[in-house]
Amino acid sequence: MIIVLRPDATKKQIDHIIEKVKKLGLKTMVSRGVERTIIGVIGEEDVLRVQPLEAFPGVEKVMPILKPYKLVSREFKPENSIVDVEGIKIGGKKIAIMAGPCSVESFEMLLEVAKKVKKAGAGILRGGAFKPRSSPYSFQGLGEKGLKFLMDVKKETGMKIVTEVMDTRDVKMVEKYADILQVGARNMQNFNLLKEVGLSKKPVLLKRGISATIKEFLMSAEYVLAAGNFNCILCERGIRTFEDATRFTLDLNAVPLIKQLTHLPVIVDPSHGTGKWDLVSPMSKAAIAAGADGLIIEVHPNPEEAYSDGEQSLVPYKFDAMMKELKAVAKAVGREL
Ligand code: PEP
Ligand code: MN
């Protein structure tokens, strides 16, 4: 449930309410908005039935959160959350761009791509060192060696790093190198992994599972927040449908809908969502028009030779051209790129 405080509630009154709720064995999360402070209460709320919290000084009203997800819901926090990645803000007016190869293949290639996407306007470099592949015989990623390349390229270019962590046992290692921990679509319901990244101090990029409903997606984000990590970015990356002309069906309905339901930032991955490089630019425009807070795009200098996902990777000059076109779309919907 949420306790909405009066605009004139004092710190002493707020502290008193928190103390009382904690004594009942419940967890509190305080969200300070511009106009109102809200206290979210998580746990077995039945004990509160006998405690008339409305009677406490400073309380305006007490409301149940009817949705199964609590901390991620707009009811809990009405204003947008902004995730700060070492100065790059995701969820504000400026649209965040993450770009880079599907997999980290070599230091030289990563540096080349990083320099080009940075010049085109991307602030965050993507690249997988641990790859979730359908076949055990496909390239599985360079592991820690790939993470080191990412860190070296960060040192040279100043770009921030987003990279996938697939296993609870690797979280400590990956967080040494990454600025954002990516949980991939196939792990969206790996609840132990969600709990583990929820304990991290690093922001989390949670991708929607390929067959996950929006409710399931938000419940997974709830795991991350419930473990204490409020810096969670959601990513729509396409879902399985009957349509097989594209790799997945990019569910752009999800963007405005998720933004109604949650305060967390939402970004879109049109590379995986379509599986075709020539659909990436139009769907990126559509994503921004639909209200996405950012994009994550695969870029490769030589897609023909890519170790993974070449067919959906843009060559750097096409990425650059797309970025120029996206600026106009961003401006048209009151955003910046
Ligand atoms: C990726 O970003 O490279 C990736 C594997 O994405 P997803 O988990 O969405 O398939
Ligand atoms: Mn990929």
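Calculation rules
- Residues numbered from 1 in each chain as written.
- Chains lettered and ligands numbered in written order.
- Predicted model: local features only at pLDDT ≥ 70, side-chain atom pairs only at ≥ 80, totals over all residues.
- Heavy atoms only, no water.
- Salt bridge = Lys/Arg side-chain N within 4 Å of Asp/Glu carboxyl O.
- Helix = DSSP H or I, 4+ residues; strand = E, 2+ residues; numbered from the N terminus.
- Buried < 20%, exposed > 50% of the residue type's maximum accessible area, 1.4 Å probe, protein only.
- Phe/Tyr/Trp six-rings, centres within 6.5 Å; stacked < 30°, edge-to-face > 60°.
- Lys NZ or Arg CZ within 6 Å of the ring centre and 35° of its normal.
- Near = heavy atom within 4 Å.
- Polar contact = N/O pair within 3.5 Å; in protein donor to acceptor, adjacent residues only side chain to side chain.
- Areas by Shrake-Rupley, 256 points an atom, 1.4 Å probe, with all protein chains shown as cover.
- 1 Å grid on protein atoms, 1.4 Å probe; cavity = no way out; pocket = protein on both sides within 12 Å on 5 of 7 lines; lining within 4 Å.
- Sits in = over half its atoms within 2 Å of the grid points.

### Here we look at the pattern of salt bridges
Opposite charge on two side chains lets them pair, provided their charged atoms get close. Within this structure, the stated rule accounts for 20 salt bridges. Between Glu 86 and Lys 154 there is a salt bridge; the shortest N-O distance is 3.1 Å. Linking Glu 86 in the loop between β5 (83-85) and β6 (88-90) with Lys 154 in helix α3 (residues 144-157), this pair joins segments that are 68 residues apart in sequence. Of the charged contacts, one joins Glu 112 and Lys 116 as a salt bridge, the two residues approaching to 3.2 Å between their closest N and O atoms. Placement of both Glu 112 and Lys 116 in helix α2 (residues 107-120) is noted, with a separation of four residues, approximately one turn of the helix. Classification of Glu 112 by relative accessible area gives partly exposed; the value is 34%. By relative accessible area, Lys 116 is classed as partly exposed at 39%. Taken together, the shared-partner salt bridges in this structure form one network comprising Glu 86, Lys 154, Lys 160 and Asp 179.

### Considerations on the packing of aromatic side chains
Describing an aromatic ring pair means giving the distance of the ring centres and the angle of the ring planes. Counting across every chain of the model gives four aromatic pairs. Ring geometry for Phe 139 against Tyr 307: centres 4.8 Å apart, planes inclined by 80°, an arrangement best described as edge-to-face. With Phe 139 in the loop between β8 (124-126) and α3 and Tyr 307 in the loop between β14 (294-298) and α10 (316-332), this pair connects stretches of sequence that are 168 residues apart. Its guanidinium or amino end placed over the ring of Phe 248, Arg 237 lies 4.2 Å from that ring's centre, counting from NZ or CZ.

### Looking at the site of ligand 1
Around ligand 1, the structure places 13 residues, and the nearest of them are Arg 126, Lys 131, Ala 185, Arg 186 and Arg 237. The separation between an oxygen atom of ligand 1 and a polar side-chain atom of Arg 186 is 2.7 Å. Across the complex, the protein chains shield 97% of the 290 Å² of accessible surface that ligand 1 would expose by itself. When each cavity is represented as a set of grid points, ligand 1 is found to reside in the largest pocket.

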